[in-house]
Amino acid sequence: MAETMQSLDQLSTLRPAAPEAPKYVQKLDKQGRAYATGKRKDAVARVWIKPGAGRVTVNDKPLETYFARPVLRMMIQQPFSVSNRQGQYDVVCTVSGGGLSGQAGAVRHGLSKALTNFEPDLRGVLKRGGFLTRDSRVVERKKYGRAKARRSFQFSKR
């Protein structure tokens, strides 16, 4: 294992072993799907992906019906466009909590994580795009003696 050193001069010749990069493996369930959980604000999304025609279903509704705003739909498609995988995977997800923009962010986060579970080689591309990082910003709590988290009540001398 390790050799004993007789003097301090020999210590300089000793080189530490280079740490190996972790190996990421494909994680699939019995149906051949990759699963991941995405979070944003108060929203939590459970996402399953499998190879298919590119259908995206959110809470048993098509993507266009559930997320009516084009910005939210574009946000969900970003992991696919960055990794050049448009129309190659069917996505089924359930979302709860938060508002529509938080839910769209949660679906994007879960979709990115599920893509890395299905194709571990995409991890670098998605990581550089910032899709694998959970956005930890949440609403600040309301304080007593205040109108909102930081806003004071209107002041009047009289």
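No experiment lies behind these values; they were computed from the predicted model shown.

1. Comments concerning the overall build of the chain
- A count of helices and strands for the chain gives 5 helices and 5 strands.
- In the chain, the order of α-helices and β-strands from amino to carboxyl end is α-β-β-β-β-α-α-β-α-α.
- Along the first, second and third principal axes, the C-alpha atoms of the chain reach 80 × 60 × 25 Å.
- By the burial criterion, 30% of the 158 residues in the chain qualify as buried.
- In the chain, of all internal contacts separated by at least 6 residues, the share reaching a separation of at least 24 is 67%.

2. Brief notes about the packing of aromatic side chains
- One pass over the full model with this rule turns up 4 aromatic pairs.
- With 5.1 Å between their ring centres and 45 degrees between their planes, Tyr35 and Trp48 make a pair best called tilted. Highlighted residues: Tyr35 in strand β1 (residues 34–40) and Trp48 in strand β2 (residues 43–51), separated in sequence by 13 residues.
- A relative accessible area of 35% means that Tyr35 is categorised as partly exposed.
- The interplanar angle of 15 degrees and the centroid separation of 6.4 Å between the aromatic rings of Phe80 and Tyr89 together place this pair among those described as stacked. Summarising the burial analysis for this pair, Phe80 and Tyr89 share the class buried.
- Chaining the aromatic ring pairs together yields one cluster made of Phe80, Tyr89 and Phe118.

3. Things to note about the pattern of salt bridges
- Under the defined criterion, the tally for this structure stands at 7 salt bridges.
- Note that Arg55 is salt-bridged to Asp90, the shortest N-O span being 3.4 Å. Residue Arg55 is located in the loop between β2 and β3 (56–58), and its partner Asp90 is located in strand β5 (residues 89–96); the two are separated by 35 residues in the primary sequence.
- When the shortest N-O distance is used, the salt bridge between Lys143 and Glu140 registers 2.5 Å.

4. Digging into helix α3 (residues 70–82)
- Between its first and last C-alpha atoms α3 spans 18 Å; for 13 residues at 1.5 Å apiece the expected length is 18 Å, and the two agree.
- Taken as a whole, α3 carries its principal kink of about 40 degrees at Ile76; the proline Pro79 stands between one and four residues after it.
- If you check which residues of α3 are buried, you get Leu72, Met75, Ile76, Pro79 and Phe80.
- Looking at the buried positions of α3, the neighbouring elements they touch are α2 (63–66), β5, α4 (100–118) and α5 (123–129).
- Positive backbone phi, approximately 55 degrees, marks Asn84, located one or two places after α3.

5. Regarding the side chain of Glu119
- Examined against the element boundaries, Glu119 turns out to sit in the loop between α4 and α5.
- Residue classification places Glu119 among the buried residues on the basis of a relative accessible area of 19%.
- There is a polar contact of 2.3 Å between the side chain of Glu119 and the side chain of Tyr89.
- With sequence-adjacent residues up to four places away left out, Glu119 is seen in contact with Arg85 and Tyr89.

Rules and cut-offs
- Residues numbered from 1 in each chain as written.
- Predicted model: local features only at pLDDT ≥ 70, side-chain atom pairs only at ≥ 80, totals over all residues.
- Heavy atoms only, no water.
- Helix = DSSP H or I, 4+ residues; strand = E, 2+ residues; numbered from the N terminus.
- Buried < 20%, exposed > 50% of the residue type's maximum accessible area, 1.4 Å probe, protein only.
- Contact = heavy atoms within 4.5 Å.
- Phe/Tyr/Trp six-rings, centres within 6.5 Å; stacked < 30°, edge-to-face > 60°.
- Salt bridge = Lys/Arg side-chain N within 4 Å of Asp/Glu carboxyl O.
- Expected span 1.5 Å × (residues − 1).
- Bend = angle between axes of the 7 residues up to and from the residue.
- Polar contact = N/O pair within 3.5 Å; in protein donor to acceptor, adjacent residues only side chain to side chain.

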